[in-house]
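# Per-entry structural report
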Amino acid sequence: MATKTADEAGAEATEATEAAEATEPLDDEARAEGTDGAESADGAESADGAEAAGTEAGTEDVKEAGPSGVGQGAGAVVSAALGLVSLSGSWLGTVAGAREQLIGQLRTSTSASVAQQIKEVYGDAWHTTALWGGLFALLALIAGVVVLARPAFGTQGRPQAPWIKSVAWAGVALGVLGLLLAVLKYTDALLALPSA
């Protein structure tokens, strides 16, 4: 029983050889899959790294691209506010007009004519108020024009926000209107002093 026949030994050797050949291609395939898996993992890591670097570079490009437009927006709002002040009157204009009225009362004698008293007491105060309104209108006009002209001298390729343009144009329009009204009031073409 301990001895094997030649046929049994040959059959066992053939089976062992076939089993070894059957496992070798699997090992080659496993090795190929392992290599491909490692390459794909390395590719995925390098792709992730490239995307992260691209994202960081994109963020830096945005930061380096130029200002965010906050200053331009603030300038546009200031322009519109100054334009409104020029139309409605300012505290400075009111105080300056009252001061001029007081000076006119002090300098005018009681023996002066009525026309002279009207001019000194009310006319000069009216003209001072018109001057202050014109000054605020001029400032509104300048601020609006600077905001609208700023993109031409800034970073190219970054458009100005539409709301900034709209508010700046409103400031320019209010400034022009305030300047026109100030000139008309100062020259007595609008709401002239009553004649005595």
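Residues numbered from 1 in each chain as written. Predicted model: local features only at pLDDT ≥ 70, side-chain atom pairs only at ≥ 80, totals over all residues. Heavy atoms only, no water.

### As for unusual backbone geometry
Our working definition: A run of H or I in DSSP becomes a helix once it reaches four residues, and a run of E becomes a strand once it reaches two; helices and strands are each numbered from the N terminus. A simple rule labels every residue: compare its accessible area, found with a 1.4 Å probe on the protein chains alone, to the largest value its type can have, and call it buried under 20%, exposed over 50%, or partly exposed in between.
Phi angles above zero are rare outside glycine, and Asp-188 is one such case at about 65°. Among the secondary structure elements, Asp-188 is positioned in the segment after helix 5 (162–186). On the accessibility criterion, Asp-188 (29% relative accessible area) is partly exposed.

### Observations concerning the packing of helix 2 (residues 70–88) against helix 4 (residues 114–153)
We apply this condition: Axes, fitted as lines to C-alpha atoms, cover a helix only where it is in contact. Angles between the N-to-C directions of the axes lie from 0 to 180 degrees. Our angle categories are set so that under 35 degrees counts as roughly parallel, over 145 as roughly antiparallel, 65 to 115 as roughly perpendicular, and the remainder as oblique. Each crossing gets its hand from how the near helix is turned against the far one by less than a right angle, where anticlockwise is left-handed and clockwise is right-handed. Residue contacts are counted whenever heavy atoms from the two residues lie within 4.5 Å of one another.
At their nearest, the axes of helix 2 and helix 4 sit 8 Å apart, and the two run at 155° to each other. Judged by the inter-axis angle, helix 2 sits roughly antiparallel to helix 4. Relative to helix 4, helix 2 is oriented so that their crossing is left-handed. Contacts between helix 2 and helix 4 involve Gln-72, Gly-75, Ala-76, Ser-79, Leu-82, Gly-83, Val-85 and Ser-86 from the former and Gly-133, Phe-136, Ala-137, Leu-139, Ala-140, Ala-143, Gly-144, Val-147, Arg-150 and Pro-151 from the latter.

### Things to note about the pattern of salt bridges
Rules: Should a side-chain nitrogen of Lys or Arg be within 4 Å of a carboxyl oxygen of Asp or Glu, the pair is scored as a salt bridge.
On inspection of all chains with the given rule, the structure shows 1 salt bridge. The closest approach of N and O atoms between Lys-119 and Asp-124, which form a salt bridge, is 3.7 Å. A relative accessible area of 43% places Lys-119 in the partly exposed class.

### Let's talk about the confidence of the model for the protein
As a reminder, the rule being used: Note on scores: pLDDT gives the predictor's confidence for each residue, bounded by 0 and 100.
In this model, the protein carries an average pLDDT of 76, and 63% of its residues clear a pLDDT of 70 or more. Considering each helix and strand of the protein separately, the mean pLDDT is smallest for helix 1 (residues 6–65), with a value of 54, and largest for helix 5, with 94.

### Brief notes about the packing of helix 4 against helix 5
Condition: In this count, Pro and Cys sit with the nonpolar residues alongside Ala, Val, Leu, Ile, Met, Phe, Trp and Tyr, while Asp, Glu, Lys and Arg are called charged and the others, Gly among them, polar.
Between helix 4 and helix 5, the least distance of the axes is 7 Å, while the angle of their chain directions is 155°. Of the possible angle classes, the one that applies to helix 4 and helix 5 is roughly antiparallel. Along this stretch, helix 4 crosses helix 5, giving a crossing that reads as left-handed. Grouping the amino acids of the contact of helix 4 with helix 5 by side-chain chemistry returns 18 nonpolar, 7 polar and 2 charged.

### Considerations on the packing of aromatic side chains
For clarity, the threshold we go by: Each Phe, Tyr or Trp ring, with Trp reduced to its six-membered ring, pairs with another whose centre is within 6.5 Å; inter-plane angles below 30 degrees give stacked pairs, above 60 give edge-to-face pairs, and intermediate values give tilted ones. Working rule: Lys NZ or Arg CZ, within 6 Å of ring centre, within 35 degrees of ring normal, means a charge sits over the ring.
A full pass over the atoms with the stated rule returns 0 aromatic pairs. A cation sits over an aromatic face here: Lys-185 above Trp-126, 5.6 Å from the ring centre.

### So, helix 3 (residues 91–107)
We count it as follows: Residue count minus one, scaled by 1.5 Å, sets the expected span of a helix. The arc in question is the one traced by the directions running from the helix axis out to the C-beta atoms.
Under the 1.5 Å per step criterion, the end-to-end length of helix 3 is 24 Å for 17 residues, consistent within 8% with the ideal 24 Å. Of all the positions in helix 3, only Gly-93, Ala-96, Gly-97, Ile-103 and Gly-104 are classed as buried. Taken down its axis, helix 3 places every buried residue within 125° of arc, on the same side. Opposite its buried face, helix 3 presents the exposed residues Trp-91, Thr-94, Arg-99 and Leu-106, each directed more than 90 degrees away.

### Re the side chain of Thr-108
Where we set the bar: Under the rule applied, a polar contact is a pair of N or O atoms within 3.5 Å (in protein, one hydrogen donor and one hydrogen acceptor; residues adjacent in sequence only if both atoms are side-chain atoms).
With respect to the helices, strands and loops of the structure, Thr-108 is situated in the loop between helix 3 and helix 4. Look at Thr-108 and you get buried, because its relative accessible area is 16%. Within the structure, the side chain of Thr-108 is placed 2.6 Å from the backbone oxygen of Gly-104, a separation counted as a polar contact.

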